[in-house]
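Observations on chain architecture
Read off the chains here:
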Amino acid sequence: VRSCECQSVATGIAGVIGNKGGVCATLDYDGTIITFITAHLAAHQGHEFLLRRNEDVRSILRGVRTRENLDIYDHSDFTFFFGDLNYRVDLDNMAGAVGPRMSHTEMWSKTHAMVEAGEIDELVLRDQLLNEREKKHVFAYFMENRINFRPTFKMIRGEESVYTEQRVPSFCDRILFTSLPSRRDCIEPLYYQSAPSVLTSDHKPVSGVWSIKNRKPLWAHQAEPQDHEPHTVLLFKSLSCQGIPDRKVQERRLYFKFLSPRLFTKTSRQHKSEALTAVKSMVTSRHEWLETMFRPIRCGRHIRDRQHLEAEHLIIALYEKGKVGDKQRGLPQREQLIGTCVLSLREAAQTGQAAFEMEMLKYGLPTCTLAGKLVVVFDSGETSANAASASTAATSTTTTAAAA
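The rules we used
Residues numbered from 1 in each chain as written. Predicted model: local features only at pLDDT ≥ 70, side-chain atom pairs only at ≥ 80, totals over all residues. Heavy atoms only, no water. Helix = DSSP H or I, 4+ residues; strand = E, 2+ residues; numbered from the N terminus. Buried < 20%, exposed > 50% of the residue type's maximum accessible area, 1.4 Å probe, protein only. Phe/Tyr/Trp six-rings, centres within 6.5 Å; stacked < 30°, edge-to-face > 60°. Lys NZ or Arg CZ within 6 Å of the ring centre and 35° of its normal. Patch = residues over 30% accessible without salt bridge, like charges linked within 9 Å, V, L, I, M, F, W, Y side chains within 5 Å. Areas by Shrake-Rupley, 256 points an atom, 1.4 Å probe, with all protein chains shown as cover. Salt bridge = Lys/Arg side-chain N within 4 Å of Asp/Glu carboxyl O. Pairing = 2+ DSSP bridges. Axes fitted to C-alpha atoms, helices over the stretch in contact; angles between N-to-C directions. Contact = heavy atoms within 4.5 Å. pLDDT = per-residue confidence, 0-100. Expected span 1.5 Å × (residues − 1). Core = buried A, V, L, I, M, F, W, Y, C linked by side-chain atoms within 4.5 Å.

1. Describing unusual backbone geometry
- Note that the residue after Phe-153, namely Lys-154, is joined by a cis bond; omega there is 0 degrees.
- If you check the backbone angles, Asp-30 has positive phi at about 50 degrees while not being a glycine.
- The topology assignment puts Asp-30 in the loop between β2 (21–29) and β3 (32–40).
- In this structure Asp-30 comes out as partly exposed when scored by relative accessible area, which is 31%.
- One non-glycine residue with positive phi stands out, namely Tyr-141, at about 70 degrees.
- If you trace the backbone, Tyr-141 turns up in the loop between α4 (128–134) and β5 (173–179).

2. As for the packing of aromatic side chains
- Enumeration according to the criterion identifies 16 aromatic pairs in this entry.
- For the pair Tyr-73 and Phe-142, a centre-to-centre distance of 5.8 Å together with 90 degrees between the ring planes defines the contact as edge-to-face. Here Phe-142 lies in the loop between α4 and β5 and Tyr-73 lies in the loop between α1 (47–63) and β4 (78–84), a separation of 69 residues in the sequence.
- Looking at Phe-142, the relative accessible area reads 5%, which means it is buried.
- Note on Phe-236 and Phe-356: the rings are 6.4 Å apart at their centroids and 80 degrees apart in plane angle, and the pair reads as edge-to-face. Of this pair, Phe-236 sits in strand β8 (residues 232–242) while Phe-356 sits in strand β15 (residues 353–362); the two residues are 120 residues apart in sequence, bridging distant segments of the chain.
- For Phe-236, a relative accessible area of 3% gives the class buried.
- Ring-pair connections join several aromatic residues into one group, and the members of that group are Phe-236, Phe-256, Phe-258, Trp-289, Phe-294 and Phe-356.
- Note that Arg-53 overlies the ring of Tyr-87, its terminal NZ or CZ placed 5.4 Å from the centroid.
- Lying over the aromatic face of Tyr-319, Lys-257 brings its terminal NZ or CZ to 4.8 Å of the ring centre.

3. What to know about a nonpolar patch on the surface
- Taken together, the side chains of Leu-190, Tyr-191 and Val-209 make up a nonpolar region of the molecular surface, amounting to roughly 280 Å² of accessible area.
- Mapping Leu-190 onto the fold places it in strand β6 (residues 187–194).
- For Leu-190, a relative accessible area of 52% translates into the label exposed.

4. Considering the sheet that holds β4
- The 5 strands lie next to each other as β1-β2-β3-β4-β5, forming an open sheet whose pairing is mixed. The sheet is open, and its two edges are formed by β1 (3–10) and β5, each paired on a single side. On average, each strand axis in the sheet is inclined to that of its neighbour by 15 degrees, with strand direction left out of account.
- Of the pairings in the sheet, the one linking β2 to β3 comprises 9 bridges and is antiparallel in character. Paired with Gly-21 across the bridge in β3 is His-40.
- Sheet strands in contact with α1 are β1, β2, β3 and β4, and its direction is about 140 degrees off that of β1.

5. A closer look at the confidence of the model for the chain
- Summarising the model, the chain shows a mean pLDDT of 82, and 78% of its residues fall at 70 or more.
- A low-confidence stretch, residues 267–276 stays under pLDDT 50, and its non-local contacts, those more than four residues away or across chains, total 39 contacts.
- Every residue in residues 381–404 is under pLDDT 50, and counting partners more than four places away or in other chains gives 44 contacts.

6. Things to note about α1
- Helix length check: α1 (17 residues) gives 24 Å between terminal C-alpha atoms against 24 Å at 1.5 Å per residue, within 8%.
- Inspection of α1 places Phe-49, Leu-50, Arg-53, Asn-54, Asp-56, Val-57, Arg-58, Ser-59, Ile-60 and Leu-61 among the buried residues, and these make up the whole buried set.
- On its buried side, α1 packs onto β1, β2, β3, β4, α4 and β16 (365–378).

7. Observations regarding the pairing of β3
- Counted along the chain from β2 to the antiparallel partner β3, the turn is 2 residues long, and its residue Asp-30 has a positive phi close to 50 degrees.
- Of the strand pairs in this sheet, β3 and β4 are connected by 7 bridges, and their pairing is parallel. Of the residues in β4, the one forming a bridge with Ile-37 is Phe-81.

8. Observations regarding the side chain of Thr-340
- Here Thr-340 shows up in strand β14 (residues 336–344).
- Other than its neighbours up to four places away in sequence, Thr-340 contacts Leu-70, Asp-71, Asp-74, Ile-316, Ala-317, Glu-359, Met-360 and Leu-361.

9. Observations regarding the nonpolar core
- With 35 residues, the main nonpolar core has Leu-234, Phe-236, Phe-256, Leu-309, Ile-316 and Leu-318 as its most contacted residues.
- Secondary structure elements with two or more residues in this core: β8, β9 (254–260), β13 (313–320), β14, α6 (346–351), β15 and β16.
- Sorting elements by how many residues they give to this core places β16 first, with 5 residues.
- Sequence-distant contacts of Leu-318, defined by excluding residues within four places in its chain, comprise Cys-241, Ile-244, Leu-254, Tyr-255, Phe-256, Trp-289, Gln-336, Leu-337, Ile-338, Gly-339, Met-360 and Cys-368.
- Judged by nonpolar contacts, the second largest core, of 28 residues, contains Met-107, Met-114, Met-155 and Val-168.

10. Digging into the pairing of β2
- Relative to β2, β1 runs antiparallel, the two sharing 8 bridges. Within β2, the residue paired with Glu-5 across the bridge is Thr-26.

11. What about the environment of His-75?
- Mapped onto the elements of the fold, His-75 is located in the loop between α1 and β4.
- Taking the relative accessible area as the measure of exposure, His-75 reaches 2% and is therefore buried.
- A sequence separation of 185 residues divides His-75 from Ser-260, and the C-alpha atoms of the two residues are 8.5 Å apart.

Laid out in structure tokens, this is it:
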């Protein structure tokens with residue numbers, strides 16, 4: 001482990017009391033960046049508390065962001081989010097449920113009967129967290145191993161499997177995870193289970209085991225590149241956004257930043273913000289960007305060929321610039337992040353180009369949809385037939401980005 005950075009966020013009363021919140025630790029394990037976020041979210045059963053839990057997650061992800069104001073999991077190969085997340089089983093949310101809500105006694109009795117009957121899969125379908133994730137109200141693109149254990153809350157202390165009638169039996173204790181697109185084939189879940197034999201709490205702790213391949217980039221074992229070695233160039237032919245929150249078009253000043261921890265400089269310290277080099281597009285009030293609005297993105301000389309490039313990724317961040325008149329009035333021209341997405345470069349490296357469409361996220365929630373086309377040019381003479389037409393653009397396009 002080369003380094004470890006920690007952050008914390010309080011989400012309790014007035015956002016300062018530490019009885020609820022999260023702690024984040026990001027570490028570099030021999031070139032693989034892993035982030036762990038543990039959290040204690042708002043409690044209780046009602047719908048208003050469900051919304052508060054979702055807001056707690058957003059507050060934690062907002063609070064543990066990088067210096068570039070990007071989501072922490074955009075910079076980590078693997079991210080785990082776990083703890084007493086407090087999401088509840090809610091039988092009133094079952095498909096086709098109509099009429100008045102159940103009383104607490106009725107819901108506890110029905111839920112407890114399902115637990116004792118071993119109907120775990122049916123209970124999981126009524127789980128708030130599962131349903132909120134499927135709707136992308138929280139934890140968009142996070143995953144969880146299959147739950148095959150009994151609800152972990154609320155137990156009678158000192159008993160292995162006896163639930164108190166104060167709370168509806170629920171899967172409060174959870175472990176979620178996500179990874180960069182280029183690392184999804186490098187993580188394998190092996191174990192996910194609760195520990196009923198722990199008797200000291202009204203929760204049963206949950207543990208999990210994952211196998212992670214520490215896939216070092218090829219250039220990590222190579223000598224420093226020489227100045228005469230060629231560049232690999234990335235060219236965006238087009239980008240377009242759909243679903244950006246409505247505002248008058250003439251008031252918008254939108255632009256992209258393209259960031260990467262390892263494409264531009266030879267470093268594996270992904271979580272270090274100073275290692276994130278940004279290349280900007282032109283500022284525009286439109287929701288479409290054409291080829292002439294992008295500068296060629298030149299990779300460092302350590303990205304020598306397709307094999308070096310296909311394991312990498314590019315962070316695409318969409319920003320809105322401050323109002324035109326702010327600078328004249330002596331006000332700071334603050335930039336506002338609209339959303340980010342992470343583009344795996346594997347397809348583009350293998351075929352010379354890639355068309356893509358993906359959701360941009362902010363605080364773990366979708367904000368808009370980004371579509372575009374990327375072309376790769378290998379200056380070493382390896383340029384593919386698909387990318388050959390772009391080589392002229394790589395040398396002739398000289399548009400510079402507007403100052404932020």
